[in-house]
Amino acid sequence: MKNLICYTEISALLAFMPRFATSCVYYGLSLATSGWKGDKYLVFFTGGIGELPAYLLAIYILSRFGRKYPLFVYYLIAGAGCILSVLLPETDKSGKDISIGRTVAGLIGRFAAASTFSGTFLYGAELFPTVVRAMAWGTCAFFGRVGGIVAPQINYAGKASGYTKMPSIVLGSVSFLAAVLVLLLPETRSLRLPDTIEEAEQIDISGGAINNTAAATENEMGIGIYNLGLSPEENLSIKL
């Protein structure tokens, strides 16, 4: 536990917040679905079935463009969807009902929030060194459950206060904050997973490279090597 606290003074705390935001925004939007315009059954079905392509698309995007910047974009889209779902006008100048725009914005936000689940599960495991990975990932999961607990309370607070727009604005703000914090984390795509806290601390936030010769060789060859309890040379020969 002491090692975990030393390493997480900055980086891990930044990793915990996006996991909290993912669950909070996702469940908050899911609970808000019943209040959107349109047939409530169709809207609920569309929101649920829309998560399937979100998860499948995330597999390609995360493997092609890395973890950090796709998550940044996903959080921005989710936050914008939350806020636009209550701020877009319900009627145009002629009085025509255009409230469907709010529903579409909310569904897009939910699509993006579902995609962040794929990213945070993968990213959380790659950020931490082997010596604390299980404990740190479990802590990330804990913060995610806290987000799931907080989400319905935010919705209830909006109904109790009479300010129905408040929950979506709060959820959008949480998502925007997570987007900013993700930019402060290192990129982990194609990196050898760090074994020790010292190796994890050497990950460059801007480029994501671990400052050692073996990792540099692996990155130049485009190889992500996962530790098998062998020496770097033995791992490399197995991967080749």
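Quantities reported herein were computed from a predicted structural model and do not represent experimental measurements.

Chemist: Got a sec to walk through the layout of surface pockets? Specific residues and values, please.
Modeler: One way to see where empty space is left: roll a probe the size of a water molecule over the atoms. By volume, the largest pocket is sized at about 490 Å³. Lining the largest pocket are 20 residues, and of these A32, G35, W36, V86 and T164 sit closest to its centre. Contributions of two or more residues to the lining of the largest pocket are made by α2 (11-32), α5 (68-87), α6 (100-127), α7 (133-161) and α8 (166-182). Among the elements that take part in the lining of the largest pocket, α7 stands out by supplying 4 residues, more than any other. Class assignment for the residues of the lining of the largest pocket results in 6 nonpolar, 9 polar and 5 charged.

Chemist: Talk me through the side chain of S168; I want residue IDs and the actual numbers.
Modeler: Residue position: S168 is located in helix α8. What makes S168 buried here is its relative accessible area of 9%. Once residues within four sequence positions are removed from consideration, S168 is found in contact with C82, I83, S85 and V86.

Chemist: Quick one: what's the story with the confidence of the model for the chain, residue by residue and with numbers?
Modeler: Within the chain, residue pLDDT values average 78, and 79% of them lie at 70 or more. Here residues 1-8 is a poorly scored stretch, pLDDT under 50, and it has 16 contacts once near neighbours within four places are set aside; other chains count. Counted against residues more than four places away or in other chains, residues 211-230, with its pLDDT under 50, gives 32 contacts.

Chemist: Before we move on, can you summarise a nonpolar patch on the surface with the specific residues and values?
Modeler: Together, V73, I77, I100, V104 and I108 line one region of the surface with nonpolar side chains, adding up to about 400 Å² of accessible area. Those elements that place two or more of their residues in the nonpolar patch are α5 and α6. Broken down by element, the residue count for the nonpolar patch peaks at 3 residues, all from α6. Its place among the elements puts I108 in helix α6. Of the residues examined, I108 reaches a relative accessible area of 44% and is grouped as partly exposed.

Chemist: I'd love a proper account of the pattern of salt bridges, names of residues and values included.
Modeler: Following the criterion strictly, the structure yields 3 salt bridges and no others. The partner of E51 in a salt bridge is R110, with the nearest N and O atoms 3.0 Å apart. Here E51 is found in helix α4 (residues 51-65), whereas its partner R110 is found in helix α6, with 59 residues between them in sequence. Note on accessibility: E51 and R110 belong to one class, buried. A salt bridge links R192 to D195; the shortest N-O distance between them is 3.9 Å. Residue R192 is classed as buried on the basis of its relative accessible area of 8%.

Thresholds applied
Residues numbered from 1 in each chain as written. Predicted model: local features only at pLDDT ≥ 70, side-chain atom pairs only at ≥ 80, totals over all residues. Heavy atoms only, no water. 1 Å grid on protein atoms, 1.4 Å probe; cavity = no way out; pocket = protein on both sides within 12 Å on 5 of 7 lines; lining within 4 Å. Points joined across faces, edges and corners; volume = space filled by probe spheres on them. Helix = DSSP H or I, 4+ residues; strand = E, 2+ residues; numbered from the N terminus. Nonpolar A, V, L, I, M, F, W, Y, C, P; charged D, E, K, R; others polar. Buried < 20%, exposed > 50% of the residue type's maximum accessible area, 1.4 Å probe, protein only. Contact = heavy atoms within 4.5 Å. pLDDT = per-residue confidence, 0-100. Patch = residues over 30% accessible without salt bridge, like charges linked within 9 Å, V, L, I, M, F, W, Y side chains within 5 Å. Areas by Shrake-Rupley, 256 points an atom, 1.4 Å probe, with all protein chains shown as cover. Salt bridge = Lys/Arg side-chain N within 4 Å of Asp/Glu carboxyl O.

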